[in-house]
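For reference, the chains in residue letters:
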Amino acid sequence: MKGTSRILAVAGSLAIVLAACSGGGASNAPSAAGSSQPPAASSGGNASPGTGAKPYIPVISKGFQHQFWQAVKSGAEKAATELGAEITFEGPASESEVDKQIEMLQAALDKKPAAICFAALDSKAAIPLLQKAKDANIPVVGFDSGVDSDIPVTTAATDNIAAAGEAAKKMAEIIGDAGEVAIVAHDQTSRTGIDRVKGFTDEITANHPNITIVDTQYGGGDQLKSTDLTKAIIQAHPNLKGVFGANEGSAIGVLNGVKESGSEGKVTVIGYDSGKQQMDAIRAGTEAGAITQDPIGIGYKCVESALKAINGETLPKTIDTGFHYYDKTNIDNPDIKALLYE
């Protein structure tokens, strides 16, 4: 009997230990690099692979190489914390790596998320996978760069055509509404690349007949490549009066190309977004000004919209997150300063 009692006592203790180890608390295992870890909250949709408690929303950006994307990430993490979601934030190393981004999108779909936030490098290449998401009832929210499709339930982005048109107006004003100008853009496959070139070109063509766009080049948002392209444009067009750099990397390349060509003070530079080098150049007068978006707002709105879609709310087709033109006269104004990043 003593032996039997001892066995029963050990078995009872073991049962208690096992029950404690497998209790109903959610796991706090860390998620993928770049993700936020907001407080647990009860929400609809598919739970995160990490916690099983909050809706999991992968946020797939166009890249990581510019501070713009880190600002978008900050906004997305803020929304996740405040609204109760778990996100991961990732993007390819370069904005030319379309295939890598498609792989990331496929990997995100394999995790059966509650929704997906996606900024397309190629507005057409991602459509087959986005259709898979739609077929699986996974809402897709576009951000920054839309998709040539009706699949996204909404897109949180700047009106890039209007913003680039404003850059063209400022360029025309500065160069006396006459002369040769050029564009250095990041790509001709993403919605932002297409729309910013179109916005600048359409404004010049429609309203500034004495200005000629002599060249449009694409540097993939890479500073070094954009520098070389700018130098080649200046060499080919010695009377060039201005260059529009259509994103952060392009604008920095344009600044470097103008400097290395000995054309500072001769060629007007207008950029896009911010970053320390552009901000320093604007304060120094070597860059006339730039268009700023609201990258934190873009990140916040895409996650907020994804949660609304998960909960069955109707969303507008686009969410205009706004833009401003800034130069050395207003760069330190509170309303502008809040939108800039270094």
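Residues numbered from 1 in each chain as written. Predicted model: local features only at pLDDT ≥ 70, side-chain atom pairs only at ≥ 80, totals over all residues. Heavy atoms only, no water.

Caption draft 1: Representation of the overall build of the chain within the structure. A count of helices and strands for the chain gives 11 helices and 12 strands. Classification of the 342 residues of the chain by burial places 50% in the buried group. Pairs at least 24 apart in sequence give 73% of the contacts found in the chain among residues at least 6 apart. Carbon and sulfur atoms form 53% of the exposed surface of the chain, whose accessible area is close to 14,900 Å². (Helix = DSSP H or I, 4+ residues; strand = E, 2+ residues; numbered from the N terminus. Buried < 20%, exposed > 50% of the residue type's maximum accessible area, 1.4 Å probe, protein only. Contact = heavy atoms within 4.5 Å. Areas by Shrake-Rupley, 256 points an atom, 1.4 Å probe, with all protein chains shown as cover.)

Caption draft 2: The arrangement of the packing of aromatic side chains in detail. Within the structure shown, the criterion is met by six aromatic pairs. Between Phe64 and Phe89, the ring centres sit 5.7 Å apart and the planes meet at 75°, which makes this aromatic pair edge-to-face. Here Phe89 lies in strand 2 (residues 86–90) and Phe64 lies in the loop between strand 1 (56–60) and helix 2 (67–83), a separation of 25 residues in the sequence. We classify Phe64 as partly exposed; its relative accessible area is 30%. Grouping aromatic residues by their ring pairs yields a cluster made of Phe68, Trp69, Phe143 and Tyr341. Over the face of the ring belonging to Tyr272 we find Arg196, whose NZ or CZ atom lies 3.9 Å from the ring centre. (Phe/Tyr/Trp six-rings, centres within 6.5 Å; stacked < 30°, edge-to-face > 60°. Lys NZ or Arg CZ within 6 Å of the ring centre and 35° of its normal.)

Caption draft 3: Summary view of the sheet that holds strand 4 (residues 140–143). One open sheet holds the six strands; their spatial order is 2-1-3-4-5-11, and the pairing between them is parallel. A strand with exactly one partner marks an edge of an open sheet, and here the two such strands are strand 2 and strand 11 (318–320). In this sheet, neighbouring strand axes are inclined to one another by 20° on average, regardless of whether the strands run parallel or antiparallel. Sheet strands in contact with helix 2 are strand 2 and strand 4, and its direction is about 175° off that of strand 2. (Pairing = 2+ DSSP bridges. Axes fitted to C-alpha atoms, helices over the stretch in contact; angles between N-to-C directions.)

Caption draft 4: Local environment of unusual backbone geometry. Despite not being glycine, Lys112 has its phi angle at roughly 50°, a positive value. Locating Lys112 in the fold gives a position in the loop between helix 3 (98–110) and strand 3 (116–118). A positive phi angle, near 60°, is found at Asp177, a position not held by glycine. Within the secondary structure layout, Asp177 lies in the loop between helix 5 (160–174) and strand 6 (179–185).

Caption draft 5: Geometry of the layout of surface pockets. Of the pockets and cavities examined, the largest pocket occupies roughly 330 Å³. Every residue lining the largest pocket is counted, 18 residues in all, and those nearest its centre are Gly146, Thr155, Ala157, Arg191 and Thr318. Counting residues per element, the lining of the largest pocket draws most heavily on strand 11, at three residues. Classifying every residue of the lining of the largest pocket gives five nonpolar, seven polar and six charged. (1 Å grid on protein atoms, 1.4 Å probe; cavity = no way out; pocket = protein on both sides within 12 Å on 5 of 7 lines; lining within 4 Å. Points joined across faces, edges and corners; volume = space filled by probe spheres on them. Nonpolar A, V, L, I, M, F, W, Y, C, P; charged D, E, K, R; others polar.)

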